[in-house]
Amino acid sequence: MSHCHLSKCDPRIESFSHFLGVTTMSLWLRCETKPFEHRSALTPTTAKALLDAGFKVSVERDEQRIFADKEYEEVGCTLVANNSWPTAPTTTTIIGLKELEQSTQPLPHTHIQFAHCYKNQAGWSAVLARFHRGGGKLYDLEFLNDATGRRVAAFGFHAGFAGAAAGALAVASHKKGETLGPLHPYENEAAMVAGVREALGGSGKGIKALVMGALGRCGRGAVDLFRKIGLDEDDILKWDLAETAKGGPFDEILDVDIFVNCIYLNSSIPPFLTRDHIVAAGKQRRLAVVVDVSCDTTNPFNPIPIYSINTTFPEPTVPVDIGSDCPRLSVISIDHLPTLLPREASEQFSHDLLPSLLEFPNSRVWTDAEALYRTKVAAAAEAEGL
Ligand SMILES: NC(=O)c1ccc[n+]([C@@H]2O[C@H](COP(=O)([O-])OP(=O)(O)OC[C@H]3O[C@@H](n4cnc5c(N)ncnc54)[C@H](O)[C@@H]3O)[C@@H](O)[C@H]2O)c1
């Protein structure tokens, strides 16, 4: 009796499927090239689920990724050279997280990624023009929505979790009269919780925090971190639309140690905090650290108009200019917080994306995203005079 020696990754399977009229969907996980980016759109767990469902999954070798190459190899993925996706067959869909490196090279592949070019961001039309010229296609992860209009996958929870941790670390530094030093990604959530507890002398008990947008993804993550580092439940104030309906600025925010803003801003609202309001509180103010997870830094409706830059992992805080008569106040406004927890953030995001990936490219999620892409690429072609 003869045995079949074909593996699922064998190219002959693909040709045979074509012969039968069945198309094997091929995904190619590219490396991330942004500094400090350790997250991944596919994890060994989700890659295995895709392989089990009949997908072909190629994975670029990548030292930067939090998951080791061999973790993908062990579940049956085909390992390919780092940053080699431009040479992939054009029938292969390239999946990644962050923007591609800047170039004018035409893009003939279908890409699934965050491209940050649908809201007229700087350089938006040049990015889309590459797809137009190459005949490729973009499915932007930010615009994959379920039937109710909610994102199918987002990094919010771990942004809130990591933002709250950074806030607690900044409070620990404040208490010593110091400024918080550089932040580095943690191996996992438990290591982050242990690190924050240690900085606070064992527990966060006694610290008071207010989480704004507490019912959302980021807000739930921030509340979870505060619980895990030992804050009393009564010391975690959870505010959402109901509590802010009366209109700010709010004295309650001045009366906690850490304020974490996690709202999704989509219209003009009265500010939550203002510089005058903070100065008026004088020496009585308890508030020491503001973590603006929402990071609507340059948005004209920013409800926390007390700072104007995004802070970074090397320099996580910026002081608020409120004069020397008032106690210190620092802002953390890092716009890629989930990078501090690359393993869990990737696991959660990829797990949430998986049901849609298994239906790729035929379900409504993808056809809607393609229709949006068509509109955007047409606008870009016009803007670029193509
Ligand atoms: N800094 C980062 O690294 C990072 C990462 C991911 C997401 N984000 C940002 O965080 C923000 C929140 O994302 P999300 O996924 O948690 O959104 P979400 O929609 O899940 O949650 C937002 C919450 O804010 C509440 N909210 C809206 N307006 C409010 C108001 N005026 N007063 C009180 N509550 C209000 C909503 O009711 C909701 O519960 C977004 O702007 C997103 O871009 C930042």
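Numbering of residues begins from 1 in every chain and follows the order in which that chain's sequence is written. Confidence filtering applies because this is a predicted model: local features only for residues at pLDDT of at least 70, side-chain atom pairs given and counted only at 80 or more, and all residues used for totals across whole chains, interfaces and linings.

For the protein, the name recorded in an unreviewed UniProt entry is Saccharopine dehydrogenase [NAD(+), L-lysine-forming], with Mycena chlorophos as its organism. UniProt positions are given in the numbering used here, feature names are shortened, and annotations may be inferred rather than shown by experiment. In the Catalytic activity (unreviewed entry) part of its UniProt record, the protein is described as follows: "L-saccharopine + NAD(+) + H2O = L-lysine + 2-oxoglutarate + NADH + H(+)". Checking UniProt for the protein, the heading Pathway (unreviewed entry) contains the comment "Amino-acid biosynthesis; L-lysine biosynthesis via AAA pathway; L-lysine from L-alpha-aminoadipate (fungal route): step 3/3."

> How should I be thinking about the site of the ligand in this particular structure?
Being near a molecule or strand means, for a residue, that its C-beta atom, positioned from the backbone, comes within 6 Å of it. Close to the ligand lie 27 residues, the nearest being Gly156, Ala159, Gly213, Gly216 and Cys218. When contributions to the shell around the ligand are tallied by element, the ones reaching two or more residues are helix H5 (156-175), helix H7 (217-228) and helix H8 (241-244). With 3 residues, the top contributor of residues to the shell around the ligand is H7. In terms of residue class, the shell around the ligand is made up of 17 nonpolar, 7 polar and 3 charged. Think of it this way: any DSSP run of H or I at least four residues long counts as a helix, any run of E at least two long counts as a strand, and we number them from the N terminus. Classification convention: Asp, Glu, Lys, Arg as charged; Ala, Val, Leu, Ile, Met, Phe, Trp, Tyr, Cys, Pro as nonpolar; all other residues, Gly among them, as polar.

> Help me understand the UniProt feature "active site" (unreviewed entry) in the protein in this model?
Per the UniProt annotation, the sites labelled "active site" (unreviewed entry) are Lys98 and His116. Taken together, the annotated residues stretch across 19 residues yet fold into one region, lying no more than 8.6 Å apart by C-alpha. Relative to the assigned elements, Lys98 resides in the loop between strand E4 (93-95) and strand E5 (110-113). We call two residues in contact whenever the C-beta atoms placed from their backbones are within 7 Å. Each residue touching Lys98, except ones within four places of it in the same chain, is listed here: Glu32, Lys34, Glu37 and Phe114. Any residue whose C-beta has 12 or fewer other C-beta atoms within 10 Å is treated as exposed, any with 20 or more as buried, and any in between as partly exposed, C-beta atoms being built from the backbone. For His116, a count of 15 C-beta atoms within 10 Å corresponds to the partly exposed category.

> When you look at the domain arrangement of the protein in this model, what are you seeing that I'm missing?
The split of the chain into domains comes from an automatic or database domain assignment. Along its sequence, the protein is carved into domain 1 (11-143 + 341-383) and domain 2 (156-340). Each of domain 1 and domain 2 has a C-alpha centre, and the two are 33 Å apart. Counting residues at the interface gives 10 residues for domain 1, matched by 13 residues for domain 2. Along the lines of polarity and charge, the residues of the side of domain 1 that touches domain 2 split into 4 nonpolar, 2 polar and 4 charged.

> Help me understand the sheet that holds strand E10 (residues 289-292), please; the structure alone is not making it clear to me.
Note: two strands are recorded as paired if DSSP finds a minimum of 2 bridges between them. Strand order in this open sheet of 6 strands is E8-E7-E9-E10-E12-E11, and the pairing throughout is mixed. Only two strands of the sheet have a single partner each, and these edge strands are strand E8 (236-239) and strand E11 (318-319). All axes are obtained by fitting lines to C-alpha atoms, using only the stretch in contact for helices, and the reported angles, taken between N-to-C directions, cover 0 to 180 degrees. Strands in contact with H5 are strand E9 (258-261), E10 and strand E12 (330-332); relative to E10, the strand with the most contacts, it is inclined by about 160°.

> Where do I start with the nonpolar core in this structure?
Looking at soluble globular proteins, one finds that nonpolar side chains tend to be buried together. Core membership is restricted to buried Ala, Val, Leu, Ile, Met, Phe, Trp, Tyr and Cys residues, and these are joined into a nonpolar core through C-beta atoms within 7 Å. If you look at the biggest cluster of nonpolar residues, it comprises 108 residues, and the most contacted ones within it are Ala165, Ala168, Ala209, Val211, Ala222, Ile258 and Val260. The biggest single contributor to this core is H5, with 12 residues. Residue assignment places this core across two domains, with domain 1 (11-143 + 341-383) and domain 2 (156-340) each supplying three or more. When sequence neighbours within four positions are dropped, the list of residues in contact with Ala222 reads Gly160, Phe161, Gly163, Ala164, Val211, Val260 and Cys262.

> Where do I start with unusual backbone geometry in this structure?
Trans is the common state for peptide bonds, and a negative phi is the common state for residues other than glycine. Cis geometry marks the peptide bond from Gly248 to Pro249; its omega dihedral reads 0°. Among the secondary structure elements, Pro249 is positioned in the loop between H8 and helix H9 (251-254). In this chain, Phe360 is followed by Pro361 through a cis amide linkage whose omega measures 0°. At Asn83, a position not held by glycine, the phi torsion is positive, near 55°. Within the fold, Asn83 resides in the loop between strand E3 (78-80) and E4.

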